[in-house]
Every structure is written in C-alpha cells, then in structure tokens.
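Analysis of the macromolecular model
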Amino acid sequence: MVERKLLVLFGSQTGTAQDTAERIGREAKRRHFQCRVEALDSYDVANLINELLVVFVCATTGQGDPPDNMKMFWRFLFRKNLPPGSLCQLDYAVLGLGDSSYPKFNFVAKKLHKRVLQLGGNPLLPAALGDDQHDLGPDAVVDPWLLALWDKILALYPLPPGLEIISPDVRLPPKYTLHYLAEDSPHPDGGLLQPTAPRAVPSELHPFAAQLVSNQRVTAESHFQDVRLIEFDITGSGITFSAGDVVMIQPQNCPEDVQQFCQLLRLDPDRRFVLKPTEPGTSLPALLPQPCTIRHLVMHYLDISCVPRRSFFELLSYFSTNELEREKLQEFSSAQGQEELYSYCNRPRRTTLEALWDFPHTTCAIPPEYLLDLIPRIRPRAFSIASSVLAHPDRIQILMAVVRYKTRLSKPRHGLCSTWLASLNPEQGDVRVPLWVKKGGMKFPTDPDTPVIMIGPGTGVAPFRAAIQERVAQGRRGNCLFFGCRQKSKDFYCQAEWEELVTKGFLTLFTAFSRDQRRVSLQEEKVYVQHRIQENRRLVWELLSSRNAHVYLAGNAKQMPAAVAEALQLVLQLEGGLSPSEAEEHLTALERSQRFQSETWS
C-alpha cells in the first residue's frame, strides 16, 4: 500500500506562516498521515525529487522578498540548471500569506507555484492567497482552501481500512514531554548568554552577548515619541558589517510579566526540567538549554506578550474545565467566530498574558508540557545599523523608536523589544544584549565617484547615517540626504552631526519639518520629503542623468514609498521630458538595475 506521508514546508518571517503550517500538520495527524513540518531552509532540498506530497506555506516580506528561513531554498529552486521534469512525481499545493496593501502581494507564493509547475510538479489546487487586509485576516481564504485540499488529498490517499478521522474533540499529544528534575540534582553552569567563543561568527543559534555602552534619547522630552540612539560594544565578536546591514536582537520578557505568568499557571519559576520529543525524529528547540528552569523558558523563550492566534484558543479549549470558558474558547477557534476573535484580540492588540487572565479556570489547568505548543517562541527583531565601523570601530549603533500606543484597553500597548532595550541602563553595571548581524537588502555603490540620493524620513534615516559615515571616512562626497520629521526642535535626529558634514562639504541636506513648515498652496499642506524632492528636481535630475546617481529610500511602508515614487516620476517628467508611462518605466528600470533601492517596514 502507498505510504501516507505528507511534508509541510514553510517560509515564515513573523510566525504566521509557521503557525498555519503547524495547523496543517495537526489536521494531517487527525487524518492518520505521517507528517513532518519544517522550515524550508532546514529541509535538505535535494530530497525534493523523492517527495510525493508537499504543501508549501510561505509569506512574502518587504518588497516581494522570501522570508529569511527560505532564502537558500529559493536560490536553489531558481537555478537555471534544474531539469524541467525533475519534480514530475510531486503532488503539491501552495498557500501564500501576504498583505494586499503592498504592491507585490503574495509574490513569493505566486512565483513558487509557477516554478514548481515548470519543474513538472502536479498542483492539487490553485495557490491560496491569504490576505492580512481582509476583515477576517488570511483565514478567510485559508479555511475553505484547506477543506478543498483535504478532499483532494484523501481522494489520492484514502484513510486506511478501519480508521476514521480523529474527532476535533480529541486532544492531540504535545510535541514534547516535560520531565521535572529532582530539587537536589546537580546544576550545570551557564545561562542563555555565555559570550560566544570566537570560533563561530554570531548567529541566531549562537548570538553574541554585546555590552550596551550607551542608551541616549534623541527626541526632546516634550516630544510624544521616545527615540533612542543605542550603542553596543562588539569587541572580540568576529562580527563584520557594512552600510545597509541589519542587526538582529533577541529580546526578553519583563520580570513582572514572567512572575504574573508563573502565578497564573501555578508554576514554580525555579523548577528545572528536561524536554523529550513525543515522536522520534522531532528535534528539540535549539534555543533552549537542557536542563532549563521554568523562569528561563518564560523569560527568554515563550512570547507571552504577542497577540495570540486562533490556534492558541483552539488548544486552550481542550484544557478547560469551565463550561462558559470552554464555549468562548471554542467560538474563538471556529471559522464563524473569527470576527469576534478579531475584535477581542487583534483590534485592541491584547497580549497572550492578558488573554490568559480572562480565562482563569482554564489557565490554571494548562499542563506544562503543552506550553511549547500553545505559545510561540520570542522572535528576534531587526534594526538597520545606524553607524559605520570606519567611524566607530568595534561598535554597532541603532536608532530605535520606542513602541507605545493606546487601544481601547486601559493599559497602553508596548513593543516587547523596544521597551526592554529602552529600560536598560549601562550605568547599572555590565548590561548584555544577545545579537548578531545579517546582510541587509540595500547595497551602496563601490565606485567612489557615484553620488547617492538618500530619502529617509524618521528612523528611516538609520541606514543612511551608516552609509554617510562610511562614505565620509573614505573621503567620498556626493552624499545627498532628504530627511523628514515633525519639528526641528523635537525630533531632528543627529542634527549637529548633519550640520557639521554640510559645513565640511560632505553632505547636501534637505529637510522637511511637517509640523513647522507649511506649503503655500490652495490649502495649507504639511511639508514632507516628497515635496522637497519636487522642489529640488533640477539637482535630482542632474545627479540621475549626468552622474549616474543611486537612489535609496527607507522608512515607514504606508503612504510614504508611493508618494516618493510619484515625486521621482514627476522629476523625470518635468526635467527629463518623459511621458508619465515612460517615467514609470524608467523608475522600474532603475529598480531592476539596483540604482533605486528601498527598504520599508510597517
């Protein structure tokens, strides 16, 4: 009889695609499939030619890019020398997760579906394109698509005789079992942050414990937003980087939240345990030491401050001994209850810890071994590096806005990583932060005579500060910066530094202070970087047309990138004499040749 094996491969940046892949894995187990769920880059892609049934779940990040944990797979899949029929035995399906407010909506899923088809794969269904912008989120597409997928798969691989689909009322076993150690068992030395031995370049599995040397607020105390310039000492780390690269920082939960969580679940934070996989072949969580304390697990691993997903409520409902709580949890995990769940969780940005407070009877009945199935791990956060090694050897600086905002909940919302970093005081002893560096998307020109036009409103200026420091240290002029913020007196980051470079002839600076300056037009309008680009169109055109300048854009992904692209197209029309369609094509050509690069985030 044909082996009933299913492989679910995911590419996930924020954890949503992984969560969906694990949901498919659970549904496969209920249908008695042998199922593996793996990140695309953890999977040996050379084995793909032997697979019979694969579901790909992938997100699209940034400007239509694949997530970090599928980049190697992506490069391999698009190699020119792969024979056209190499995947002819493969039945596959692609589930994409994206956001239709971005121009390259679900680009990775569409491209993956097409490429596997080119290589001879047999699609079971058209690609599903989940959309974050939908009122019910991606599940509006995912739910019906999965029902259709299981119909197709069960037609090819019927249930073995005498077996039925395991009822949704039955709880599946946890991924790991948790074994408490006796109180008197010997303690191995070491915690999360043993400084990395110089042997390995720091990475997610081996971060470097960098010392925090300064943590300075760069906005006025009276300004609504707290923005920090933070500096880390990376002496002896083996880390190298250049302008445009990104530092990854592994944050941790605050002690008060850890204490609350342990009290709610009646856990002793000092108890030590080891994990064992329930199924052979499952690897242990790489970032958890063995043995480990409950406190370490909660502080460094479990993301108790994230907004819980539907799968959280589904699993939680199995532990509920209280009928009212169980009914509510089941509603939140049903397809019909998604609007209600969105209003309860996503809209007010309620955290996992807060949700647990609302279900006290259920929470104190959670078996500890299910914690790793219930709550995702804390993900590292990415920051553009805002300094150059040529100006600051053995240092990394970041420019970070502290995330804090109000929703209808009484307590303000806080960003986990920015709040933690902002709270660290280097004057209180040796403060260490786990970090590593990865290549960024922006590459600056190697030719010393190529000018650069940098457009960086707000903290978008961070990578340009690194680039300007690097270029100035190399004696390069031709640095043109468009910077925008609200008020010159409140959030003009690094003002003295820019002004000194202008005086020395290294920098041409254009500023837009949206709350200070008004444009005199039919109605008074705030001034943004796109207006400054239009006003200085002759210079921009001259740099682009005669001096082969490169253009860079960084900052918030909402309206700004489109407004800047429009301003650049206007420059091409008014100064270069191009028609609107030619201007659009010209800008696309600049993007293709890497002369126009952008890095935006939401």
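Each chain carries its own residue numbering, running from 1 in the written order of its sequence. Since the coordinates come from a predicted model, pLDDT governs what is reported: local features require at least 70, and pairs of side-chain atoms require 80 or more to be given and counted, while whole-chain, interface and lining totals use all residues. Only hydrogens and water are set aside; all other atoms, that is, all heavy atoms of the structure, feed into the side-chain values.

- In the nomenclature of an unreviewed UniProt entry, the chain corresponds to NADPH-dependent diflavin oxidoreductase 1 from the organism Bubo bubo.
- What UniProt records for the chain under Subcellular location (unreviewed entry) is the sentence "Cytoplasm, Perinuclear region".
- In UniProt, the chain has this text filed under Catalytic activity (unreviewed entry): "2 oxidized [2Fe-2S]-[protein] + NADPH = 2 reduced [2Fe-2S]-[protein] + NADP(+) + H(+)". UniProt positions are given in the numbering used here, feature names are shortened, and annotations may be inferred rather than shown by experiment.

**Observations concerning the nonpolar core**
- Here the nonpolar core consists of buried residues drawn from Ala, Val, Leu, Ile, Met, Phe, Trp, Tyr and Cys, with membership extended through side-chain atoms lying within 4.5 Å. When a residue's accessible area, from a 1.4 Å probe over protein chains only, is under 20% of the maximum for its type it is buried; when over 50% it is exposed; and in between it is partly exposed. Counting residues in each nonpolar core, the largest one holds 40 residues, and the members touching the most others are Phe-261, Leu-297, Leu-302, Phe-313 and Leu-371.
- Whether two residues are in contact is decided by their heavy atoms: any pair within 4.5 Å suffices. Leave out the neighbours within four places in its chain, and Phe-313 touches Pro-308, Leu-329, Phe-332, Ser-333, Leu-341, Tyr-344, Cys-345, Ala-355 and Phe-359.
- Ranked by size, the runner-up nonpolar core spans 29 residues in total, among them Leu-229, Met-442, Phe-444 and Ala-554.

**Concerning the UniProt feature "domain: Flavodoxin-like" (unreviewed entry) in the chain**
- The residues that UniProt annotates with the feature "domain: Flavodoxin-like" (unreviewed entry) are residues 6–150.
- Measuring from the first to the last C-alpha atom of residues 6–150 gives 12 Å, for a span that is 32% helix and 23% strand. For the purposes of this entry, the term helix denotes a DSSP run of H or I that reaches at least four residues, the term strand denotes a run of E that reaches at least two, and both are numbered from the N terminus.

**As for the side chain of Gln-597**
- Among the structural elements, Gln-597 can be located in strand 24 (residues 596–601).
- In this structure Gln-597 touches Gly-441, Met-442, Lys-443, Val-551, Tyr-552 and Leu-553, once residues within four positions along its chain are discounted.

**A word on the pairing of strand 17 (residues 432–438)**
- Of all the seven residues making up strand 17, five are buried; the element is thus mostly covered by neighbouring parts of the structure.
- One ladder, built from four bridges, connects strand 8 (residues 208–217) with strand 17; its direction is antiparallel. By the bridge assignment, Gln-211 is partnered in strand 17 with Arg-432.
- Pairing between two strands requires that DSSP report at least two bridges joining them. Pairing geometry for strand 10 (residues 246–249) and strand 17, over four bridges, is antiparallel. Opposite Ile-249, over in strand 17, you have Leu-435 as the bridge partner.

**What to know about the environment of Glu-599**
- Along the chain, Glu-599 turns up in strand 24.
- Take Glu-599: its relative accessible area is 17%, and that puts it in the buried class.
- As for Glu-599 and Ser-384, which are separated by 215 residues in sequence, their C-alpha atoms are 9.6 Å apart.
- In this structure, Glu-599 is in contact with Val-246, Ser-384, Gly-440, Gly-441, Met-442, Leu-553, Ala-554 and Gly-555, ignoring residues within four places of it in sequence.

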